[in-house]
Structures are given as C-alpha cells and as structure tokens.
2 protein chains.
Amino acid sequence: MKRSMEQEPRVVIVGAGFGGLLAARALSRAPVQVTVVDRYNHHLFQPLLYQVATSVLSPADITAPIRTVLRSPNTTVLLAEARSIDAARKVVVCDAGELPYDLLVLATGATHSYFGHPEWAEHAPGLKTIDDALEIRRRVLLAFEAAEREQDPARQQEWLTFVVIGGGATGVELAGALADLTHITLRKEFRRIDPTRARILLVEGLPRVLTQYPEPLSARTQRDLAERGVEVHTGAMVTGVDATGVQIGNTRIQAHTVLWGAGVAASPLMRSLGVPLDKAGRVKVEPTLTVPGHEDLFVIGDVASIQQEGRPVPGVAPAAMQMGKHVAKNILRRLRGQSLLPFRYNDRGSFAVIGRGAAVGVTLREKLKLSGWPAYLAWAGIHVFFLIGFRNRVSVMLEWTYYFFTRRREVRLITGGVHHELPPISSSAAVAPRSQQELPAH
Amino acid sequence: MKRSMEQEPRVVIVGAGFGGLLAARALSRAPVQVTVVDRYNHHLFQPLLYQVATSVLSPADITAPIRTVLRSPNTTVLLAEARSIDAARKVVVCDAGELPYDLLVLATGATHSYFGHPEWAEHAPGLKTIDDALEIRRRVLLAFEAAEREQDPARQQEWLTFVVIGGGATGVELAGALADLTHITLRKEFRRIDPTRARILLVEGLPRVLTQYPEPLSARTQRDLAERGVEVHTGAMVTGVDATGVQIGNTRIQAHTVLWGAGVAASPLMRSLGVPLDKAGRVKVEPTLTVPGHEDLFVIGDVASIQQEGRPVPGVAPAAMQMGKHVAKNILRRLRGQSLLPFRYNDRGSFAVIGRGAAVGVTLREKLKLSGWPAYLAWAGIHVFFLIGFRNRVSVMLEWTYYFFTRRREVRLITGGVHHELPPISSSAAVAPRSQQELPAH
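Residues numbered from 1 in each chain as written. Chains lettered and ligands numbered in written order. Predicted model: local features only at pLDDT ≥ 70, side-chain atom pairs only at ≥ 80, totals over all residues. Heavy atoms only, no water.

Trainee: Explain the packing of aromatic side chains here, please?
Mentor: Each aromatic ring pair is characterised by the separation of its centres together with the angle its planes make. Residue and element names in this part refer to chain A. Under the defined criterion, the tally for this structure stands at 24 aromatic pairs over all chains. Linked through ring pairs, Trp373, Tyr376, Trp379, Trp400, Phe404 and Phe405 together constitute an aromatic cluster. Arg356 extends its terminal NZ or CZ atom over the ring of Phe404, reaching a point 4.9 Å from the ring centre. (Phe/Tyr/Trp six-rings, centres within 6.5 Å; stacked < 30°, edge-to-face > 60°. Lys NZ or Arg CZ within 6 Å of the ring centre and 35° of its normal.)

Trainee: What is the right way to read the sheet that holds strand β1 (residues 10–14) of chain B from this model?
Mentor: Sheet strands pair by backbone hydrogen bonding; their relative direction is either parallel or antiparallel. All names here are of chain B. Pairing in this open sheet of six strands is mixed, and the strands run β5-β2-β1-β9-β21-β20 from one edge to the other. Each having just a single partner strand, β5 (75–79) and β20 (290–291) make up the two edges of the open sheet. Here β1 runs beside strand β2 (residues 33–38); their pairing, made up of five bridges, is parallel. The residue of β2 that forms the bridge with Ile13 is Val36. Strands β1, β9 (103–106) and β21 (294–299) of the sheet are contacted by helix α8 (residues 317–335), whose axis makes an angle of about 165 degrees with β21. (Pairing = 2+ DSSP bridges. Helix = DSSP H or I, 4+ residues; strand = E, 2+ residues; numbered from the N terminus. Contact = heavy atoms within 4.5 Å. Axes fitted to C-alpha atoms, helices over the stretch in contact; angles between N-to-C directions.)

Trainee: Help me out: how do you make sense of helix α4 (residues 130–149) of chain A in this one?
Mentor: Note on helix geometry: an α-helix contains 3.6 residues per turn, so any two residues three or four positions apart are oriented the same way. For α4(A), spanning 20 residues, the distance from its first C-alpha to its last is 28 Å, which sits close to the expected 28 Å at 1.5 Å a residue. With 16 of 20 residues buried, α4(A) is to be regarded as a mostly interior element. (Expected span 1.5 Å × (residues − 1). Buried < 20%, exposed > 50% of the residue type's maximum accessible area, 1.4 Å probe, protein only.)

Trainee: Looking at this structure, how should I read the pairing of strand β11 (residues 161–165) of chain B?
Mentor: Here is the key point about a regular strand: its side chains alternate between the two faces of the sheet. All names here are of chain B. Across the five residues of β11, five count as buried, placing the element largely inside the fold. Note on the crossover from β11 through helix α6 (residues 169–185) to strand β12 (residues 199–203): the handedness is right-handed. Sheet topology places β11 next to strand β17 (residues 257–260); four bridges connect them, and they run parallel. Bridge pairing in β17 places Val163 opposite Val258. (Right-handed = clockwise from strand over helix to strand, strands pointing away.)

Trainee: Explain the confidence of the model for chain A here, please?
Mentor: Residues and elements named next belong to chain A. Of the residues in chain A, 92% reach a pLDDT of 70 or more, and the chain-wide mean stands at 89. Below pLDDT 50 for its whole length, residues 1–5 participates in nine contacts with residues either more than four positions away or in separate chains. Across residues 425–442, confidence stays below pLDDT 50; counting only partners more than four residues off in sequence or on other chains, it has 43 contacts. Interface confidence in the predicted complex, given as ipTM, is 0.89; pTM for the same model is 0.91. (pLDDT = per-residue confidence, 0-100.)

Trainee: In this structure, what is going on with the side chain of Thr75(A)? I would like to understand it.
Mentor: Note that Thr75(A) resides in strand β5 (residues 75–79). For Thr75(A), a relative accessible area of 2% translates into the label buried. Among the polar contacts made by the side chain of Thr75(A), one reaches the side chain of Asn74(A) at a distance of 2.8 Å. Discounting chain neighbours no more than four positions away, the residues touching Thr75(A) are Val34(A), Val36(A), Leu70(A) and Arg191(B). (Polar contact = N/O pair within 3.5 Å; in protein donor to acceptor, adjacent residues only side chain to side chain.)

Trainee: Which parts of the structure should I look at to understand the pattern of salt bridges?
Mentor: In the structure shown here, the tally under the stated rule is 42 salt bridges over all chains. Taking the shortest distance from any N to any O, the salt bridge between Glu399(B) and Arg391(A) comes out at 2.4 Å. Within this pair, whereas Glu399(B) is found in helix α10 (residues 390–406), its partner Arg391(A) is found in helix α10 (residues 390–406), the two belonging to separate chains. The partner of Arg155(B) in a salt bridge is Asp152(B), with the nearest N and O atoms 3.6 Å apart. Under the relative-accessibility criterion, Arg155(B) is labelled partly exposed at 44%. When salt bridges that share partners are traced, they join Asp61(A), Arg391(A) and Glu399(B) into one network. (Salt bridge = Lys/Arg side-chain N within 4 Å of Asp/Glu carboxyl O.)

This is the structure:
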C-alpha cells in the first residue's frame, strides 16, 4: 500500500465545494499528491441550503464530511483558511502555515456582496454556509416567538414582516419556502398572533424575477409566488437596510427580518493573485481554465469568469462540477506533456422551486420549458440524485415525503442562544391573552 | 370552538422538559388555561443528547417544537426565561414581563455544577442542552483537525487526549461513544495522525462508575469501556481544570478536550422561592409535590427533592414524567375540592449504554439485571418508544440502523465558527506529510 511520493507532483485544491470536490475525486487514483484545503470540515450541497434555513431539512442532510468523501490514500484533507496565494514562490499562505504546490486549483466559490454597503450585512444575512442557514432559521423562528410576546399590533406586524432582497433563484426559493412555513406549517401553532397575517415581500431591482429564465417562466413564478401570499416587488431598488426595516426608494417597510439573496462576489482570495478580475472579482481565465501567465494555476467554479458563445458561463453547481472534472483532466494532460483542452460548459438546464408542486425549469438550451408539477418533480429527482452520499439521499427523500404529506416541519430548532434580540416587555399586559375581554378578573 | 375563559383557573408551567410537557399534555382537555414557559422553543429528549454530541444523531432527531406537541386550544406556549417567582403576588417574573398564575408548576430541571469552581465551565462544557451538545461536537471534531495540522508529537497527543469527568450515566455514555468515534469511525480518515492513538479517560471520584447500579454492573461497565479503549480512573478526584488539561491529585493530564458529566444542581430559579432547599438546590417538596406552605405551588422533576422508602427519587426522565402526570391529576383534584394524593415513584429500571452491543440495565427494583446485547437492545427499543413524535422515531431508527451496519457517522459537522481555537502554525513544516522522508525534494 505504501507508495513512493518522491516524484509525485503536489496538487493543492483550495475549496471543497462542487468544483474542488469533483476535481479531487477525479484525481483520486492519479499519480499525484492531492491536498484539499477548506475552511469547513464538510462539503455542502448549496442548492438545498434554503431548506435548512426554512426548517425542512437538517444540516447533516445536505452536508458530508470532506474526509469521508475523499478517502483516497493519495489525498490529504486540511481544515484551514487560505489567506493569499504567492504565485512567485508557489505557495498557498494559510492560517495553518504555508502550503507549497506544483499545481494549484482555486475553487473557493462566491460570497455575498452588499453593493458597497457592508453595513447591511448584519441586518440582512445571506445564504452561503450552514452557519448562514442556521442564523436565518434562528431569526425567522424567533420573529414568530417575539410577535407572540408582543402586544402592540404595529410592532407585532413588524415582527411578522419578512423581506427577501433579490429575485434570483435563492430569493425566490427562500420567499416561497417562507410563505409555506408561515401560512401552512405554523398556521395553528400560536394563540395571540395569526401567522397567516405574516407579510412576505420579495424585492427585485430588475423588471422581473429569475432574469436568467425565459420571460414566460418569470411570469409564472411571480404568479405562483403571489398565489402563496408572497408580495413580489420588481423594479424596486433597495436604498437602505437597518435593524427595523428596509428603504425602497421613498417607501419604508418596517420589518425585523430581512434576508439577502441579491449580490454575489468572488471570494476575496482572488485579489492576492494580481491578475485581471471582472467586476464581481472573478478571475478571467483562459479557455483551458488556467490563469493567464500562470500555467500551473487553475481557477474553477464561481471564482472563474469565462465566456462561451458570447455569454458568461453561469455560477451554478453543474458548471462548477463540470469544471472540476475538466481541470482534473487538464492536470493529467499537463503531467503527460500533452496540450490542455478548452473547457466547454454543457448546459443541461436549471430549476427553481417555489413550493409544493410549483417550480420552473429550462433544459436543453431552453428547448424545453417546464413549470408546475413536472418541473417540481424533475427538480426533486435531480437534487436527490446529485446529493453526496447514500445516507443523505435516503434522509432527504424521507424528510420530503413526510413534509409533503403532513406539511409539518420538525426541524424547527432555535439554537445559538435565543434571547438577546427579543424585546424586553416589562408591562404585565405583555403576557395577557390576545383579547383583553377574555382575561379572567383577578 | 370559542370557550369562555372567565372562570378557568390559570395554570402556569415553567419548563417543557419531561415533567412540564407531560403535565401540560395531561391538562390539555381540562377546564384550565395553561401557559407553558420555556427558554427554548423545543422539547429535548435528553437521554440521547450524548449521541448528538458524538455525531450519531442530528439535533432535530431528538427535539420537537413545544408548540407542535402542545397544540391544544387551552394551551399557550411562550418563549421566555423565568427569572424569579413572587409567590406573595402569585406572578412569575419573566424577561417577557410578569405572568400571573392561580396554580404554578415549576419543572425547570437541572444545570451543571462545578463543585464551587465555576471557572472550570469554559474548559469543561457539560451536556444539558442542544447548544451544549453542538459545542461538545465542535470541540471533539476540531481536536482531530487540530491534531492533523500539528507537527509536534507531544502537542499532537494533547489534541488527541479526551478527558470525561464523572462516571455517571452521562460520563459513561460520552466516553463509550467517543471511543467508538475515534477508534472505529475516524480510523482511516486522517493522513498524519492515527486516531486510534487517541486517549479517552473517564475520571470518577468514587470507587466505581455508575454508583446507582449494582456493583457487578459497574464492574461489567468498566470492563466494556476498557475493551473499547477507554481508560477508567476511579477514586480519582479532579482538583483543577484549565485550557490545556486537568489535574488529578498529583497527576497532570495534558488534554485540549475536557467534558463535564459530574455534578448537577437544580435550576437557580428555586432560590427565589425562599423555601428550604437541599444541598443540590432542590426544593424539599411534600409527598403531594406541593411546596411546604404554598398549596398552589408544585415542584417536579429534577428540581424536586423527595424521599421514598428512605431513598431519594432519582433525577431521571421516568421520574419526571411520572411527576408530570401526577401533578396534573393533583391540580384537577384541587380544582374539584378533593384532597391531594401523594406521589409514588414507580421505578421501572434504568439503562446506560457503552457502545454497540454493550449496555447495562436494571429493571423491576433490581430483580432483573441486564448487560451486553440484551441490555443494548432493550435500551434501544425503550428510547425509540419514548421519543416524542413519529418522525423522530423513524429518523432515529434509520440513523441507528445505518450506523450499526456502516459504523459511519455522517453528522460530523463543525458549525458555529471553526478557527479561532486552532493553533496558528507558522512554519512551513506544519503542512508537510507525516514522515519527513516522504517529502519530495523542492
């Protein structure tokens, strides 16, 4: 079993998302020494993250320990944060020390972008990591608890107002799932508030939601969302976000829970490369996925900017997975002295889900458009198929089946401290039943 | 459906653990207005909490939203923290305001006690809440990641040393589960460390573990633990706990991960009652579960101190459940003007589990002693049966079946920030493979 590593080139992969994980897997039997570096110990199936944020799934259902997925003897997994790349010395500078490489793959993914307003971040958390999803879940569930404690109707309504900023797939899916949570799952669980009175607003600056989809599907999505009780505001630019609401032009919306699904930016690690970046901070890579002027440096996934037939390859999971496999192939060609092949994105389609029986999808270069039940079922099947690990597939299928029939969401945990954000209510009226007339004389 | 509440007495239940939950359920059709107050939004099945701490189960598997369990129209659930009881004015003072009651049930359970050393708490977390379990899971999983980053063998061993303080059921179960995690599940997942080299110490001040069990079962437990690689130290008093280890008399054990399963104390809320408490801070209740001198005030579960046949009723889940049902019965008797009945604890037995196929149990007043597979299977069946909710029963059974056959634990998530505790390693040797000879010349 012991293999000599004297001659084996060191391939370092930073990031174990879809791109990094598939690159590492494709190299698991190759004559290279692979080191995978990630800030987290788990791979995350990001397309279902909104279901963790809205209490449908548990974090463990959509994650897998990176060490378990990458158990090949030629692969070392390191929990560490890459801070910068020193391309001249060929080292990755991590919090754990310096990591020398012969070939480097950067697959660190995207983070939130608040359009030059970093101060919005604390009031409007985005959704990229498990910790993000748990924070959103905590805020959403706490808002209902706070409303139940609150006696002032205006302040109660502030707690029951949820604003989702950004009408892309993340925003649409979050808003749809929030609507089902409040209007169906929680309907009968409170005594002093009526959760169906909750307002859910989806705010998009462009004229329609899901702009990457054909126009009829955007219209269908807006209709499906409206039917579920989501107020869709398109052409609405957010100009301010603070602790008690959002400003949209001249309109002020009082809301304690604001969620961010709008801007993404490439991981800031890219800036340390000193190469041209696009507006979103992504590296403009060669068709072979190498960085111009750095033959030993590959960039893939959401941090890579690449055009195909005049259109940018989108920052979606299938593109990252295909790039991961391609970069592994090109690394092996490089080691064999062969020329590198250009990457070609094969767009098999994409889906966005609104709720039970409601989704939209385009496949085969928009030849096939789906909506309603067919889109929903296709979406569910594809997502279970692409989940990592047998346990997760079974677990997600069972959770969905249970939810599908009962509409109950049992993953309604508030963790991470519960109280510091709730308003201290000092009058004894605070704990009286909804109608004062019902109070027994005492 | 609308019911007049003019005449209905207000029953306030503080705490939705086993005692509070069963009391509220038993009152769900009674002509009373029930208000249940809890700091958390979920009921927790504490006997399986150690499996969340050791990556076998997800938090959602052993919790249920209190609102979902207590959906009766006469019941209001309030997320709030009770700060004190004003028995003269008959109000519970909460962070959410004051809550008047006609009859009060206190079921706030136990917290950790560090034997007069509160400064040990940050270095040796205990296991009472989901947040506690996630913190322990985080520390345990991070320790292996830190060891994999560490190059110095002595410091590596410090990261791979786990000390569990307290040889009661919690300590035994934690130590056994840690042993299986390190010696079986993680065995092949690291490249630079050998997880089977991890030391797991169980430290108990008394001469044997599980002192509430007959002596032969303690001996069997110590043998089963030793077979799994746990070093059991009995008669060993811990005299110091700090960030890098524990002091046991003259012996210093260097360890980064120390877990606390030793002392428990009643919730501090009891002190506000101004009635006699026992050494552990519990209220010495009448046989009817009322507080002496307070006919309208009941105390149940881990905060109640009660003797039966010269022995204290133990602070275990079945006792709390029986008290919860009994207190509901006595409340109804009080409302009908009947005399209150004394509580009788029916000891159906108890179990402690060490690992797959290894457990001990006593049933029927120690007439029947079990160990090994029979105890393990009985333990598993009983715990699934008493879980709250169909979903949780199915989910736990499936997780156990999966783990039983694969020995894999997929709930190996590090959440809540990952890095600030890991040692910053600045030399480039930090990221070299295990053996320096294997390093490619560069």
